[in-house]
Protein chains: 2
Amino acid sequence: MGDKPIWEQIGSSFVQHYYQLFDADRTQLGAIYIDASCLTWEGQQFQGKAAIVEKLTSLPFQKIQHSITAQDHQPTPDSCILSMVVGQLKADDDQVLGFHQTFLLKNFQGAWVCTNEVFRLALHN
Amino acid sequence: MGDKPIWEQIGSSFVQHYYQLFDADRTQLGAIYIDASCLTWEGQQFQGKAAIVEKLTSLPFQKIQHSITAQDHQPTPDSCILSMVVGQLKADDDQVLGFHQTFLLKNFQGAWVCTNEVFRLALHN
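No experiment lies behind these values; they were computed from the predicted model shown.

### Looking at the UniProt feature "domain: NTF2" (unreviewed entry) in chain A
Part 1 of the reasoning: Here the UniProt feature "domain: NTF2" (unreviewed entry) sits at residues 10–121 of chain A.
Part 2 of the reasoning: In residues 10–121 of chain A, helix accounts for 22% and strand for 53%; the two terminal C-alpha atoms are 25 Å from one another.

Structure follows, in structure tokens:
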């Protein structure tokens, strides 16, 4: 960890935290968003902590497990961190599906929050 | 087009322009980057217009054709535009491969440029 640039450490810590929380209890995800946050989930748009958490908690499965295949992080000119994740997920007893997800992280009042998030299943690859 | 939010119009115009240029003559892509731009291409990192164009033009194929399956755009708190693209590409006579690509666009001296770009083939889905 010590040899990696700080933005890569922050990005990969965020990604680990996000999927652990998502898989364990996604009602707790609110802490990572702010009211300006945007989520696009399979083409549907949501804005704000409340709307985003409502969407994530109303997804129609009981159990989910993500595994990450690749993650890339970059610093941006506005001191944010851009992260793109490629992986697979298994929801309930459904078949394993590929997914891709992008996050933009920003330091807000001393904490790293997710201001932008886009999720797509890899159905068309 | 007129009914869509401005950030979606800008994002989708950029995406159309990028892939047209990439498929027609990728040596011309330099105009969309600045010296602060970052590219991560299949996990390899490049920074700056010159290094990015050198990477893109040295990719080992003569012909390439992209087709876009889905694209999502969002405004960010720093007045940037985040775009995630999912699609397929065919390079030379190789098989068709899925890919995902994320762009962060910023208005720089009156023009929209790409400050951050991440590309991954969908090999593991």
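After that view of the structure, there is still more to cover.
### Details of the nonpolar core
Part 1 of the reasoning: Core analysis: the largest hydrophobic core is formed by 30 residues, its most contacted members being Tyr18(A), Phe22(A), Tyr33(A), Trp41(A) and Leu56(A).
Part 2 of the reasoning: Elements represented by at least two residues in this core include exactly helix 1 (6–25), strand 1 (33–41), helix 2 (49–57), strand 4 (81–91), strand 5 (97–108) and strand 6 (111–121) of chain A.
Part 3 of the reasoning: With 8 residues, helix 1 of chain A is the single largest residue contributor to this core.
Part 4 of the reasoning: Among the nonpolar cores identified, the runner-up in size contains 29 residues, and Trp7(B), Leu59(B), Phe61(B) and Leu121(B) belong to it.

### A word on the side chain of His100(B)
Part 1 of the reasoning: With respect to the helices and strands, His100(B) occurs in strand 5 (residues 97–108).
Part 2 of the reasoning: The class of His100(B) is buried, set by a relative accessible area of 0%.
Part 3 of the reasoning: One polar contact links His100(B) to His100(A), side chain to side chain, over a distance of 3.5 Å.

### Quick notes on the pattern of salt bridges
Part 1 of the reasoning: For the coordinates displayed, the defined rule picks out 4 salt bridges over all chains.
Part 2 of the reasoning: Between Lys106(B) and Asp78(A) there is a salt bridge whose closest N-O contact spans 3.0 Å. A residue pair is termed interchain when its members come from two chains, as with Lys106(B) in strand 5 and Asp78(A) in the loop between strand 3 (64–75) and strand 4.
Part 3 of the reasoning: With relative accessibility at 19%, the residue Lys106(B) sits in the buried group.
Part 4 of the reasoning: Arg120(A) is paired through a salt bridge with Asp72(B); the nearest N and O atoms lie 2.8 Å apart. Within this pair, whereas Arg120(A) is found in strand 6, its partner Asp72(B) is found in strand 3 (residues 64–75), the two belonging to separate chains.
Part 5 of the reasoning: Residue Asp72(B) is classed as buried on the basis of its relative accessible area of 5%.

### Section: the environment of Thr102(B)
Part 1 of the reasoning: Looking at the secondary structure, you find Thr102(B) in strand 5.
Part 2 of the reasoning: There is a polar contact of 2.8 Å between the side chain of Thr102(B) and the side chain of Thr102(A).

### Some thoughts on the interface of chain B and chain A
Part 1 of the reasoning: Listed per partner, the contact involves 39 residues of chain B and 39 residues of chain A.
Part 2 of the reasoning: Counting each side, the surface lost to burial between chain B and chain A is near 3,000 Å², with a carbon and sulfur contribution of 59%.
Part 3 of the reasoning: Remark: the boundary between chain B and chain A carries 4 salt bridges.
Part 4 of the reasoning: Our count for the chain B to chain A interface comes out at 14 residue pairs in polar contact (both at pLDDT 80 or more).
Part 5 of the reasoning: Within the residue set of the side of chain B that touches chain A, elements represented by two or more residues are helix 1 (6–25), strand 1 (33–41), strand 3, strand 4 (81–91), strand 5 and strand 6 (111–121) of chain B.
Part 6 of the reasoning: Grouping the amino acids of the side of chain B that touches chain A by side-chain chemistry returns 15 nonpolar, 18 polar and 6 charged.

### Details of the sheet that holds strand 6 of chain A
Residues and elements named next belong to chain A.
Part 1 of the reasoning: Spatial strand order, 2-1-6-5-4-3: 6 strands in an open sheet with mixed pairing. In the strand order of this sheet, the two ends are held by strand 2 (44–47) and strand 3, each with one partner. Each strand of the sheet is rotated relative to its neighbour by a mean of 20 degrees, with strand direction disregarded.
Part 2 of the reasoning: Bridging between strand 5 and strand 6 involves 10 bridges; their strand directions are antiparallel. Note on strand 6: the bridge partner recorded for Phe 103 is Glu 117.
Part 3 of the reasoning: With respect to the sheet, helix 1 is in contact with strand 1, strand 3, strand 4, strand 5 and strand 6, its orientation differing from that of strand 3 by roughly 160 degrees.

Rules and cut-offs
- Residues numbered from 1 in each chain as written.
- Chains lettered and ligands numbered in written order.
- Predicted model: local features only at pLDDT ≥ 70, side-chain atom pairs only at ≥ 80, totals over all residues.
- Heavy atoms only, no water.
- UniProt positions renumbered as here; feature names shortened; annotations may be inferred.
- Helix = DSSP H or I, 4+ residues; strand = E, 2+ residues; numbered from the N terminus.
- Core = buried A, V, L, I, M, F, W, Y, C linked by side-chain atoms within 4.5 Å.
- Buried < 20%, exposed > 50% of the residue type's maximum accessible area, 1.4 Å probe, protein only.
- Polar contact = N/O pair within 3.5 Å; in protein donor to acceptor, adjacent residues only side chain to side chain.
- Salt bridge = Lys/Arg side-chain N within 4 Å of Asp/Glu carboxyl O.
- Contact = heavy atoms within 4.5 Å.
- Buried area = accessible area lost by both parts, 1.4 Å probe.
- Nonpolar A, V, L, I, M, F, W, Y, C, P; charged D, E, K, R; others polar.
- Pairing = 2+ DSSP bridges.
- Axes fitted to C-alpha atoms, helices over the stretch in contact; angles between N-to-C directions.

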